[in-house]
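# Observations on the model geometry
Residue strings, one per chain:
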Amino acid sequence: ANDIDLDTRTGVGKARGVKLQFKGIPILYAPYLSFPLSDARKSGLLTPEVGSASRNGNDLRIPYYWNIAPNYDATITPRLLTDRGTQVQGQFRYLTTGMRGKVNTEYMSSDTVFNDSRLLVSADHRALLPKGWRNRIDFRQVSDSQYFEDLGGSLSLSSITHLNRSLSFDWYGQSMSFLGQVQDYQTIDDAIVPADEPYRRLPQLLFRAAWPEQWLGLNYRLDSELVNFDRDVGTTGWRLNIASGIEAPVAGPGWFIKPAAEFDYTRYALDEVTSGEPDDPSRSVPIGSIDVGLLLERQLNGGGRVQTLEPRLLYVHIPYREQSGLPVFDTVTPDLNLVQLYRKNRFLGVDRIADTDQLSVGVTSRLLDLGNGKELMSATVGQTRYLSD
């Protein structure tokens, strides 16, 4: 720079005639820059963003940062797309003792290619309420299904198919927890037909409890859910699921055995069912399992790292139940992975519980840093063997 003034009293630096060169070639010039000398925030223009895309032409953004207060700030960004028009982006952030969040808006009054206005609104809110309650608001809405593809600016945004909109309250105690929420999605992929769109949860109530180390060292567990699935097409209705379990763990230095028994009950109250199908189907199924594992370790040369060897075996038995008359609201079949290897139900969701007689065997090895406890590397090899069809 031709001239730099550093005012330590106000914590602000000023530079005039700033040049950035690489191997003698100037790649940036600014006649004037103002910047903080510490990590304190300062209102002012931020570095412009320049880009180009065949869909939008040249793309210029000039963000302005507004330091409203120590716990509030905003960023206002005019954006020029030479092939489409002018857009205004805004972000407001807040942080208090009991809550934090941010609100984002993007608005283009007239898109010359789309021939209409474009809008995005999103909000992310977290709050701590009295007596252990918490609140969360997650909301996203766009004006049209092509918004991220045209204006998103990245492949990860252009591949979004659904936008979550939910309001939830939850509470956690020493042995119990509760979650209540309402949830909806905006589907922005035109290839998804209404019959394949996700259901709205209006509402969803979850209650969970765990009582470890009770009489004779037994662990007790209760998971329950009541949810109303709503959609404009197809079967809708309520689902009640109650899953209770008991576990008798036995463990020692470097080993554990966990035999467990569970009972899962599901009942529906349905609307718009297929002719001849019941509107109140139910299912009850017992689940038996035994989980056995070892935890061996050794110090490597130098003593600063530990390598573990963790063989594990899980046997699960679930009897067959006819389930073709039950709807599928939120249940999918995931790919086999490390988590699925040791799950008792091969489905995600409670609309289906797979009958099985299976044995999952695997071994995991980890490399740990004793100085900070970090896991430097891990590897797992495993396989599930089905003992009957």
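To be clear, the structure that these remarks concern was listed above.
The present account deals with the structure reproduced in this document. Just so it is clear, the structure is predicted and the values come from calculations on it, not from any experiment.

Next up on the list: the layout of surface pockets. Quantified by volume, the largest pocket comes out at close to 710 Å³. Along its surface, the largest pocket is lined by 29 residues, and Arg-221, Asp-223, Glu-262, Arg-343 and Asn-345 are the ones closest to its centre. Broken down by secondary-structure element, the contributors of at least two residues to the lining of the largest pocket are β15 (200–211), β16 (219–230), β17 (236–247), β19 (255–271), β20 (282–294) and β22 (305–318).

A few words now on the pairing of strand β21 (residues 296–299). Across 4 bridges, the pairing between β21 and β22 is antiparallel. Paired with Arg-298 across the two strands is Gln-307, which belongs to β22. Counting the residues in the hairpin turn of β21 and β22 gives 5 residues, including Gly-302, whose phi is positive at 100°.

For the bond from Leu-202 to Pro-203, the omega torsion is -5°, close enough to zero to count as cis. Here Pro-203 shows up in strand β15. One non-glycine residue, Lys-131, adopts positive backbone phi at about 60°. Along the chain, Lys-131 turns up in the loop between β11 (116–128) and β12 (133–142). Residue Lys-131 is classed as exposed on the basis of its relative accessible area, which comes to 76%. Its identity is not glycine, yet Leu-216 carries a phi of approximately 60°, on the positive side. Tracing the backbone through its elements, the reader meets Leu-216 in the loop between β15 and β16. Of the residues examined, Leu-216 reaches a relative accessible area of 66% and is grouped as exposed.

The subject of this paragraph is the pattern of salt bridges. Counted by the stated rule, this structure contains 30 salt bridges. When the shortest N-O distance is used, the salt bridge between Arg-312 and Asp-291 registers 2.6 Å. Within this pair, whereas Arg-312 is found in strand β22, its partner Asp-291 is found in strand β20, the two being separated by 21 residues in sequence. A cluster of three or more residues bridged by salt bridges with shared partners is formed by Arg-55, Arg-84, Asp-111, Arg-118, Asp-144, Glu-149 and Asp-150.

Let's shift gears to the side chain of Asp-138. On the secondary structure map, Asp-138 appears in strand β12. An unpaired buried charge is present at Asp-138: no salt bridge exists, and Arg-136, the closest side chain of opposite charge, is 4.2 Å distant. Engagement of the side chain of Asp-138 in a polar contact is seen with the side chain of Asn-164, the distance being 3.2 Å. Leave out the neighbours within four places in its chain, and Asp-138 touches Ala-123, Asn-164, Arg-165 and Ser-166.

Turning next to the environment of Leu-45. For Leu-45, the position within the fold is in strand β4 (residues 44–45). Since its relative accessible area comes to 65%, Leu-45 is described here as exposed. In this structure the C-alpha to C-alpha distance between Leu-45 and Pro-281, which are 236 residues apart in sequence, comes to 62 Å. Here Leu-45 is in contact with Ile-62, Pro-63 and Tyr-64, once residues within four sequence places are set aside.

Calculation rules
- Residues numbered from 1 in each chain as written.
- Predicted model: local features only at pLDDT ≥ 70, side-chain atom pairs only at ≥ 80, totals over all residues.
- Heavy atoms only, no water.
- 1 Å grid on protein atoms, 1.4 Å probe; cavity = no way out; pocket = protein on both sides within 12 Å on 5 of 7 lines; lining within 4 Å.
- Points joined across faces, edges and corners; volume = space filled by probe spheres on them.
- Helix = DSSP H or I, 4+ residues; strand = E, 2+ residues; numbered from the N terminus.
- Pairing = 2+ DSSP bridges.
- Buried < 20%, exposed > 50% of the residue type's maximum accessible area, 1.4 Å probe, protein only.
- Salt bridge = Lys/Arg side-chain N within 4 Å of Asp/Glu carboxyl O.
- Lys, Arg positive; Asp, Glu negative; His and termini not counted.
- Polar contact = N/O pair within 3.5 Å; in protein donor to acceptor, adjacent residues only side chain to side chain.
- Contact = heavy atoms within 4.5 Å.

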